[in-house]
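Structure at a glance
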Amino acid sequence: MRTLRQIWTDIRNGENIEFYLLFAAITGVFVLQLIPVNIGLAIPLVTLVALGILANSALQNRRRVEELSQKLPSLNSAFLEEFPSTLRSDFESSSTVWLVGVSLNRTIRDNLFVLERKLQRGDTIRVLLVHPDGAASEIASSRPYPTVPVESTQRYICDSLRYLCDLKQSTSGKLEVRTIQNPLTYGVIATNPNSQNGVLYCELYPFQTAGNTLPKFILRAKNDQWYEFFKNELK
């Protein structure tokens, strides 16, 4: 009964009709062979029709697969070598920013005036860095190639913490700074993360490879299924 309902649904929707017609023709030829009726050229004719239907179906399936493959994003479009210019505009215009990374020394140092302006106008900034003392900073230093001296990583983290403390004192703004005993495997700049227009700018830290933080990728709250997953990791 379920099969009959499915067949009727397909016919009403105009789907798979050629296969049902082919099945009916084959069934008719089979029935005629059981009774003393000369069907003559019916068998080769039905065979040719069947081959034509199968060939047409194969071509249609191939076109559908090609259309779907063109619509799906490729890895080359998902991963980036550099962030687009929207990072700067999102960073400056957002009312809430999360900054996550080992030291974020260059990010904080290069954006001191932007961070100061945001705090003065009442924006919220949350920062998470690796703790300067302990195993986490040592592991983070051993990750790139060539390795970075532990003392340098710890100094960068301390410099960032000092910059942030100065910002907090000079602006009395909504600045929250935390450290974690975890080496962190990727860094993030999150803009308005709790809104429908939230964006996560993520970059993977290297492991025993030369070069900068690669690859980079962007997750958007309104159209990415992994957005909440990564956002929850950052909380």
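Before reading further, recall that the structure is shown in the block above.
None of these values were measured; they are calculated from a predicted model.

**Notes on the overall build of the protein chain**
Regarding its fold elements, the protein chain presents 10 helices and 6 strands. Across the 235 residues that make up the protein chain, the buried fraction comes to 33%. The long-range share in the protein chain, meaning contacts at least 24 apart out of those at least 6 apart in sequence, stands at 67%. For the protein chain, the accessible surface area stands at approximately 15,200 Å², while carbon and sulfur atoms represent 58% of it.

**Some points on helix H8 (residues 135-142)**
All of the buried residues in H8 are Ala 136, Ser 137, Ala 140 and Ser 141. In a view along the axis of H8, the buried residues occupy a sector of 135 degrees, so they form one face of it. Looking at the buried positions of H8, the neighbouring elements they touch are strand S2 (124-130), helix H9 (150-171) and strand S3 (174-180).

**Concerning the sheet that holds strand S6 (residues 216-220)**
Taken in spatial order, the 6 strands line up as S3-S2-S1-S4-S5-S6 in an open sheet, and their pairing is mixed. Of all strands in the sheet, those with a lone pairing partner are S3 and S6, marking the two edges. Neighbour-to-neighbour, the strand axes of the sheet open up by a mean angle of 10 degrees, direction not taken into account.

**Observations regarding the packing of aromatic side chains**
Pairs of aromatic rings are described using the distance from one ring centre to the other and the angle between the two planes. In the structure shown here, the tally under the stated rule is 6 aromatic pairs. Judged by centre distance (6.1 Å) and plane angle (90 degrees), the ring pair of Phe 79 and Phe 217 falls under edge-to-face. With Phe 79 in the loop between helix H4 (75-78) and helix H5 (86-93) and Phe 217 in strand S6, this residue pair connects regions lying 138 residues apart in the sequence. Residue classification places Phe 217 among the buried residues on the basis of a relative accessible area of 10%. Here the aromatic rings of Phe 217 and Phe 230 are separated by 5.7 Å at their centres, their planes lie at 65 degrees, and the arrangement is edge-to-face. A residue pair is termed long-range when its members are at least 10 positions apart, and Phe 217 in strand S6 and Phe 230 in helix H10 (residues 227-234) qualify at 13 residues.

**Here we look at the nonpolar core**
Side chains that are nonpolar tend, in soluble globular proteins, to be buried together. With 41 residues, the main nonpolar core has Leu 99, Val 127, Val 188 and Leu 200 as its most contacted residues. Not counting the four nearest positions on each side in its chain, Leu 200 is found in contact with Val 188, Ile 189, Ala 190, Phe 217, Ile 218, Leu 219, Tyr 227, Phe 230, Lys 231 and Leu 234.

**Looking at the pattern of salt bridges**
One pass over the full model with this rule turns up 9 salt bridges. A salt bridge links Glu 228 to Lys 231, with the shortest nitrogen-to-oxygen separation between them at 3.6 Å. With Glu 228 and Lys 231 both in helix H10 and 3 residues apart, the pair spans about one turn of that helix. You can call Glu 228 partly exposed: its relative accessible area is 41%. On the basis of relative accessible area, Lys 231 is assigned to the buried category, the value being 7%. Through salt bridges with shared partners, a single ionic network connects Lys 118, Arg 121 and Asp 123.

**Thoughts on the packing of helix H7 (residues 112-120) against H9**
Contact pair H7 / H9: the axes reach a minimum separation of 10 Å and the direction vectors enclose 35 degrees. In terms of crossing hand, the pair formed by H7 and H9 is right-handed. Each of Leu 112, Leu 115, Glu 116, Leu 119 and Gln 120 in H7 lies in contact with H9, whose residues at this interface are Tyr 163, Leu 167, Ser 170 and Thr 171.

**Topic: the pairing of S6**
The buried fraction of S6 amounts to 4 of the 5 residues, a majority that puts the element mostly inside the structure. By the bridge criterion, 5 bridges tie strand S5 (residues 199-204) to S6 in an arrangement that is antiparallel. Counted as the bridge partner of Cys 202 is Phe 217 from S6.

**Structural notes on the environment of Leu 219**
Tracing the chain through its elements places Leu 219 in strand S6. By relative accessible area, Leu 219 is classed as buried at 7%. Sequence spacing of Leu 219 and Val 199 is 20 residues, and the spatial spacing of their C-alpha atoms is 5.8 Å.

**Describing the pairing of strand S4 (residues 186-191)**
Each regular strand displays side chains that alternate between the two surfaces of the sheet. Most of S4 is tucked away: 6 of the 6 residues are buried. Where burial is concerned, the two faces of S4 agree: the one with Tyr 186, Val 188 and Ala 190 and the one with Gly 187, Ile 189 and Thr 191 are both buried. Both strand S1 (residues 96-101) and S4 contribute to a ladder of 4 bridges, which runs antiparallel. Its bridge partner being in S4, Val 97 is matched across the sheet by Thr 191. Across 6 bridges, the pairing between S4 and S5 is antiparallel. Counterpart to Gly 187 in the pairing with S5 is Glu 203.

Thresholds applied
- Starting afresh in each chain, residues are numbered from 1 along the sequence in its written order.
- Restriction of local features to residues with pLDDT of at least 70 applies here, the model being predicted, together with a cutoff of 80 or more for giving and counting side-chain atom pairs; totals for whole chains, interfaces and linings are based on all residues.
- Hydrogens are left out, water is left out, and the side-chain values use all remaining heavy atoms of the structure.
- Every helix listed is a DSSP run of H or I at least four residues long, and every strand listed is a run of E at least two residues long, numbered separately from the N terminus.
- Partly exposed describes any residue whose relative accessible area lies between the buried limit of under 20% and the exposed limit of over 50%, with all areas from a 1.4 Å probe on protein chains only and scaled to the type maximum.
- Contacts: residue pairs with any heavy atoms within 4.5 Å of one another.
- All accessible areas in this document rest on Shrake-Rupley with a 1.4 Å probe, and a residue is counted as covered only by the protein chains that are shown.
- Arc definition: directions from the helix axis to the C-beta atoms.
- For two strands to pair, DSSP has to find at least two bridges joining them.
- Inter-axis angles, ranging from 0 to 180 degrees, are taken between N-to-C directions of lines fitted to C-alpha atoms, where helices are fitted over the stretch in contact.
- Pairing of aromatic rings covers Phe, Tyr and Trp, the last through its six-membered ring, and needs centres within 6.5 Å; plane angles under 30 degrees mean stacked, over 60 mean edge-to-face, and all others mean tilted.
- Nonpolar core, defined: a set of buried Ala, Val, Leu, Ile, Met, Phe, Trp, Tyr and Cys residues in which side-chain atoms within 4.5 Å join the residues together.
- The term salt bridge refers to a pairing of a side-chain nitrogen on Lys or Arg with a carboxyl oxygen on Asp or Glu at a separation within 4 Å.
- If you view the pair so one helix is near and one far, a crossing is left-handed when the near helix is turned anticlockwise from the far one by less than a right angle, and right-handed when it is turned clockwise.

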